[in-house]
Amino acid sequence: MKTQTDTSAPWWPAHLWPYTYTHGDTELLCFVDWEPGDRSVGWGGGAWLIHAYAGGVDVIDLLKDYIIKDIEAEAACSLSLG
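What you are looking at is a predicted structure, and each value in this text was computed from that prediction instead of being measured.

A. Expanded view of the nonpolar core. Of all hydrophobic cores here, the largest spans 17 residues; its most connected members are L28, C30, V32, L49, A52, L63 and I71. Elements that contribute at least two residues to this core include exactly strand 1 (17-23), strand 2 (26-35), strand 3 (46-54) and helix 1 (65-81). In terms of residues, this core owes the most to one element, helix 1, which gives 5 residues. Excluding residues that lie within four positions of it along the chain, I71 makes contacts with Y19, Y21, L28, C30, L49 and L63.

If you want it as structure tokens, here you go:
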């Protein structure tokens, strides 16, 4: 079951970019620090996972490294497409 998240709450980290990561039936509301690419200097851009919420609880410390890398890669791709 997918849930709606109220992003108007005061705890919403305004300096970070929201990204919803879905894998099967699991959905995480993620917040990444993102920097767009600058092709003139060969920088492809990147995203760094800061928070990952499941049911209102930050579970970033419970995620395996390969899942974090997957979230960061998907977020960077999604955000760069705008």
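B. Geometry of the packing of aromatic side chains. This structure, assessed with the given rule, holds 2 aromatic pairs. For the ring pair W17 and W34, a centre distance of 5.1 Å and an interplane angle of 80° mean the geometry is edge-to-face. Of this pair, W17 sits in strand 1 while W34 sits in strand 2; the two residues are 17 residues apart in sequence, bridging distant segments of the chain. Ring centres 6.0 Å apart and planes at 80° place the aromatic pair F31 and Y53 in the edge-to-face group. Here Y53 lies in strand 3 and F31 lies in strand 2, a separation of 22 residues in the sequence. Across the pair, exposure class does not vary: F31 and Y53 are buried alike.

Parameters and conventions
- Residues numbered from 1 in each chain as written.
- Predicted model: local features only at pLDDT ≥ 70, side-chain atom pairs only at ≥ 80, totals over all residues.
- Heavy atoms only, no water.
- Core = buried A, V, L, I, M, F, W, Y, C linked by side-chain atoms within 4.5 Å.
- Buried < 20%, exposed > 50% of the residue type's maximum accessible area, 1.4 Å probe, protein only.
- Helix = DSSP H or I, 4+ residues; strand = E, 2+ residues; numbered from the N terminus.
- Contact = heavy atoms within 4.5 Å.
- Phe/Tyr/Trp six-rings, centres within 6.5 Å; stacked < 30°, edge-to-face > 60°.

Geometry only, nothing functional implied.
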